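So you can see what is in the structure, the chains are spelled out below.
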Amino acid sequence: MPPTSPTERPGRPFGAVLVAMVTPFDASGAVDLDAAAALAERLVDDGCDGLVVSGTTGESPTTSDAEKVALLRAVVEAVGDRATVVAGAGTNDTAHSCELAGQAEQAGAHGLLVVTPYYSKPPQSGLIAHFTAVADATGLPVMVYDIPGRSAQVIESSTLATLAEHPRIVAVKDAAGDLYAGSWVMERTDLAYYSGSDELNLAWLTHGGVGVVSVVGHVAAARYAQMVRAVDAGDLRAALALHRELLPAVRGIMTRAQGAVMAKAALQLAGALANRRTRLPLQDATEEQVTALRADLEEARVS
C-alpha cells in the first residue's frame, strides 16, 4: 500500500492528482508491460499521486481480463508504494464488474473506478443495485464514475446520496459537468468529488472538488498539482493563471481526437512512448493531428 493508504487520507481518499493512464502497446499490438511500468514511474515522478489503470483512456473495452490483471500488477509493482493505484472495474454487466473488482483486489489495487453501466440505460434503482453489488464484492474503496456522454445515463443526485451511505463508496469522478448538482451532493454527503473533465478541473476545485482524474495530466501533472495547492491556499489568481496556461494542452489532447489517441501522441512527442498505437475501433493519431498537437503543447509549454 502507499505510505498513506486511501482510507487514511481524510477528504482525498484517492489522492489529489490522478492520471487516467493510457495502456501502451508494442509494435505487434500486445500490451507492453515494461512500457506501462516506465510510464507509471514517469507520471508519479512528474507530480501525480494516483493512477487509474484500465479506464476508458486505458482502452479497457479492447483489453482482455487477463491483460487488465497483468497491467495492474505491473503498475502496482512499479509505483504502488508511492501512489494510489485505482483499477477500472466497471462494465455494463454487474456480474462481470464484480469479477473484475475481485481480480483487481487480488492484483493489489488500492481502489476501484466503477463507471455507470453504459448502453443498457438501467433505471436509477438499477444503478444503486449495480454500484452496491460491486462495492460489496471487495474491501476496496470505490469511486463512482458519472459520464452520461458515454453511458447515456445520468446518476441522479438522490442516487448518489443513497450510494454515499455505503461505507466503501467514497468518491465521484464527475464528467457530467453539472456543477450545481454536484455542489448539492457535496453539501449533503461526504462523497469526495474529482473532476473527470480537464476543461473543468479548476471549476470543480473551486466548487469543493478534492482533486482531478486527468488525461491532460500525462503531460501536465506537475502543473495540476500546483493548481490544487493554489486552490487549497486560497490563491485563486495563481490557480486561474495555471488553468489558462493549460488551455492549449486541453484543446490538443481532448478536442483533436479521442483522449487516449491524443494522449499517446503527446507521450510519443515527449519521448515517453515508442509509438502511439491504439486498438480498433480507435485509430492512431494522424500526422496532421500530431502537427496540431505539437503546436498546442508548445503554446502550453508542456512536453
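Residues numbered from 1 in each chain as written. Predicted model: local features only at pLDDT ≥ 70, side-chain atom pairs only at ≥ 80, totals over all residues. Heavy atoms only, no water.

On to the overall build of the chain. Within the chain, the regular secondary structure consists of 12 helices and eight strands. Relative to the compact-globule value of 19 Å for 303 residues, the chain shows a C-alpha radius of gyration of 18 Å, a close match. Residues counted as buried form 54% of the 303 residues belonging to the chain. Taking contacts inside the chain between residues at least 6 apart in sequence as the whole, the part at least 24 apart equals 70%. Carbon together with sulfur atoms contributes 51% to the accessible area of the chain, which is approximately 12,300 Å² in total. (Helix = DSSP H or I, 4+ residues; strand = E, 2+ residues; numbered from the N terminus. Rg over C-alpha atoms; globule rule 2.2 N^0.38 Å. Buried < 20%, exposed > 50% of the residue type's maximum accessible area, 1.4 Å probe, protein only. Contact = heavy atoms within 4.5 Å. Areas by Shrake-Rupley, 256 points an atom, 1.4 Å probe, with all protein chains shown as cover.)

In this section: the UniProt feature "binding site: pyruvate" (unreviewed entry) in the chain. Mapped onto the present numbering, the UniProt feature "binding site: pyruvate" (unreviewed entry) falls at Thr57 and Val213. Look at the named residues: they lie 157 residues apart in sequence, but the longest C-alpha span between them is just 10.9 Å, so in the fold they bunch up. Residue placement: Thr57 occurs in the loop between β2 (50–53) and α2 (65–79). Among the residues examined, Thr57 registers a relative accessible area of 12% and is labelled buried. If we skip the residues at most four places from it in the chain, Thr57 touches Ala20, Met21, Val22, Thr23, Val215, His218 and Ala260. (UniProt positions renumbered as here; feature names shortened; annotations may be inferred.)

Close approach of charged atoms allows side chains with opposite charge to pair. In the structure shown here, the tally under the stated rule is 12 salt bridges. The salt bridge partner of Asp45 is Arg82, with a shortest N-O separation of 2.9 Å. Residue Asp45 is found in helix α1 (residues 33–46), and its partner Arg82 is found in the loop between α2 and β3 (84–88); the two are separated by 37 residues along the sequence. In this structure Asp45 comes out as exposed when scored by relative accessible area, which is 55%. Under the relative-accessibility criterion, Arg82 is labelled partly exposed at 38%. With its nearest N and O atoms 2.7 Å apart, the salt bridge here joins Arg276 to Glu287. Taken together, the residues span a long stretch of sequence, with Arg276 in the loop between α11 (259–269) and α12 (287–300) and Glu287 in helix α12 at a distance of 11 residues. The class of Arg276 is buried, set by a relative accessible area of 14%. Each of Arg251, Arg256, Asp296 and Glu299 takes part in salt bridges that share partners, so that together they form one network. (Salt bridge = Lys/Arg side-chain N within 4 Å of Asp/Glu carboxyl O.)

This part is about the UniProt feature "active site" (unreviewed entry) in the chain. UniProt's feature table lists "active site" (unreviewed entry) at Tyr145 and Lys173, given in the numbering used throughout. Taking the farthest pair of C-alpha atoms as the criterion, the annotated set spanning 29 residues converges on one region, since that pair is 4.7 Å apart. The class for Tyr145 is buried, based on a relative accessible area of 8%. Apart from residues no more than four positions distant in its own chain, Tyr145 is found in contact with Leu113, Val114, Val115, Thr116, Ile155, Lys173 and Ala175. As for its placement among the helices and strands, Lys173 is situated in strand β6 (residues 169–174). Using a relative accessible area of 6% as the deciding quantity, one classes Lys173 as buried. Setting aside anything within four residues of it in sequence, one finds Lys173 in contact with Leu113, Met143, Val144, Tyr145, Asp146, Tyr194, Gly196 and Val213. Among the polar contacts listed, one links the side chain of Lys173 to the side chain of Tyr145, at a separation of 3.4 Å. (Polar contact = N/O pair within 3.5 Å; in protein donor to acceptor, adjacent residues only side chain to side chain.)

Take the side chain of Gln153 next. You can see Gln153 is positioned in the loop between α5 (148–151) and α6 (157–163). One polar contact links the side chain of Gln153 to the main-chain carbonyl oxygen of Pro122, over a distance of 2.3 Å. Among all residues touching Gln153, those that are not within four sequence positions of it are Thr116, Lys121, Pro122, Pro123, Gln124, Leu127, Asp146 and Pro148.

Strand order around the closed barrel formed by eight strands is β1-β2-β3-β4-β5-β6-β7-β8, with parallel pairing between neighbours. Pairwise comparison of adjacent strand axes, ignoring direction, gives a mean angle of 25° for this sheet. Both strand β1 (residues 17–20) and β2 contribute to a ladder of three bridges, which runs parallel. By the bridge assignment for β2, Ala20 is matched with Val52. (Pairing = 2+ DSSP bridges. Axes fitted to C-alpha atoms, helices over the stretch in contact; angles between N-to-C directions.)

Further remarks concern the environment of Leu112. Mapped onto the secondary structure, Leu112 falls in strand β4 (residues 111–115). Contacts of Leu112, omitting those with residues within four sequence positions, involve Val86, Ala87, Ala89, Ala101, Ala104, Val134, Thr138, Leu140, Pro141, Val142 and Met143.

Our next topic: the pairing of β4. Within β4, five of the five residues are buried, which leaves it mostly tucked inside the rest of the structure. Here β4 shows two buried faces, one formed by Gly111, Leu113 and Val115 and the other by Leu112 and Val114. Across three bridges, the pairing between β3 and β4 is parallel. Pairing of Val86 across the sheet is with Gly111, part of β4. The parallel pair β3 and β4 is bridged by helix α3 (residues 94–106), and the resulting crossover is right-handed. Here four bridges tie β4 to strand β5 (residues 142–146), and the two strands are oriented parallel to one another. When the bridges of β5 are listed, Val115 appears paired with Tyr145. Between the parallel pair β4 and β5, the chain is carried across by helix α4 (residues 124–136), and the sense of this crossover is right-handed. (Right-handed = clockwise from strand over helix to strand, strands pointing away.)

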